[in-house]
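Overview (structure and organization)
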Amino acid sequence: ERALAEFARFHLRHLFDQADVSQLVLRELLDAESERIRTLAEKVYGDNFQRLVQLIRRGQEDGLFAAEHDPALVALTLAGAQLFFFQARHFLAHMPEVDFAERPEAFGEGLLDLLMKGLRPR
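Our next topic: the layout of surface pockets. Space inside the largest pocket adds up to approximately 760 Å³. In this structure, the largest pocket is lined by 25 residues; those nearest its centre are H11, Y45, F49, A79 and L83. Elements that contribute at least two residues to the lining of the largest pocket include exactly α1 (2-17), α2 (19-30), α3 (37-44), α4 (46-61) and α5 (71-92). The leading source of residues in the lining of the largest pocket is α5, at six residues. Residue classes in the lining of the largest pocket are distributed as 17 nonpolar, eight polar and no charged. The volume enclosed by the second largest pocket comes to roughly 220 Å³. Lining the second largest pocket, in full, are A8, R9, L12, R13, F16, D17, Q82, P104, E105, G108, E109 and L112. Breaking the lining of the second largest pocket down by element, the ones donating at least two residues are α1 and α6 (104-119). It is α1 that contributes the most residues to the lining of the second largest pocket, six residues altogether. Of the residues in the lining of the second largest pocket, the class split is five nonpolar, two polar and five charged.

See below:
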């Protein structure tokens, strides 16, 4: 559980610490005509994603996380929510009930709490 939380915190912090690079990469990912998408997936981000999937799978094997969830789907949910938050934080600041838009740590901790409680076996 701790390793997954550390991975999630590092990823979110990295998005904000390297905001310019994160924006460029996200722009590239959204360009369906980009020839660099495959390279980004296979050579730049694939290893990190695979490590995250393996971390979740090990948690399932150890009985920490419910086995019925696809580890890649859980990893994508975590990374995708963080990416969306990073991209939409200025918009979210104007949404009613969203009090964490300018507090990435609060968002990250809330997301982890949500995922961990949803991942734990019943």
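Relative to the 16 Å expected for twelve residues at 1.5 Å per residue, α2 spans 16 Å between its end C-alpha atoms, a close match to the ideal helical length. Those residues of α2 lying buried are S22, V25, L26 and E28. Projected onto a plane normal to the axis of α2, the buried residues spread over an arc of 160 degrees and lie on a single side. Exposed positions of α2 whose direction lies more than 90 degrees from the buried face are D20, L24, R27 and L30. The inward-facing, buried residues of α2 contact α1, α3 and α5.

In terms of nonpolar packing, the biggest core is built from 24 residues, with L4, L52, I56 and L78 touching the most fellow members. Listed by contribution, the elements that provide at least two residues to this core are α1, α4, α5 and α6.

This next bit is on the packing of α4 against α5. Contact pair α4 / α5: the axes reach a minimum separation of 8 Å and the direction vectors enclose 120 degrees. In terms of their interaxial angle, α4 and α5 are classed as oblique. When you trace α4 past α5, the crossing you get is right-handed. Contacts between α4 and α5 involve F49, L52, V53, I56, R57 and Q60 on the former and, on the latter, P71, A72, V74, A75, L76 and L78.

Definitions and cut-offs
- Residues numbered from 1 in each chain as written.
- Predicted model: local features only at pLDDT ≥ 70, side-chain atom pairs only at ≥ 80, totals over all residues.
- Heavy atoms only, no water.
- 1 Å grid on protein atoms, 1.4 Å probe; cavity = no way out; pocket = protein on both sides within 12 Å on 5 of 7 lines; lining within 4 Å.
- Points joined across faces, edges and corners; volume = space filled by probe spheres on them.
- Helix = DSSP H or I, 4+ residues; strand = E, 2+ residues; numbered from the N terminus.
- Nonpolar A, V, L, I, M, F, W, Y, C, P; charged D, E, K, R; others polar.
- Expected span 1.5 Å × (residues − 1).
- Buried < 20%, exposed > 50% of the residue type's maximum accessible area, 1.4 Å probe, protein only.
- Arc of directions from axis to C-beta.
- Contact = heavy atoms within 4.5 Å.
- Core = buried A, V, L, I, M, F, W, Y, C linked by side-chain atoms within 4.5 Å.
- Axes fitted to C-alpha atoms, helices over the stretch in contact; angles between N-to-C directions.
- Parallel < 35°, antiparallel > 145°, perpendicular 65-115°, else oblique.
- Left-handed = near helix turned anticlockwise from the far one by under 90°.

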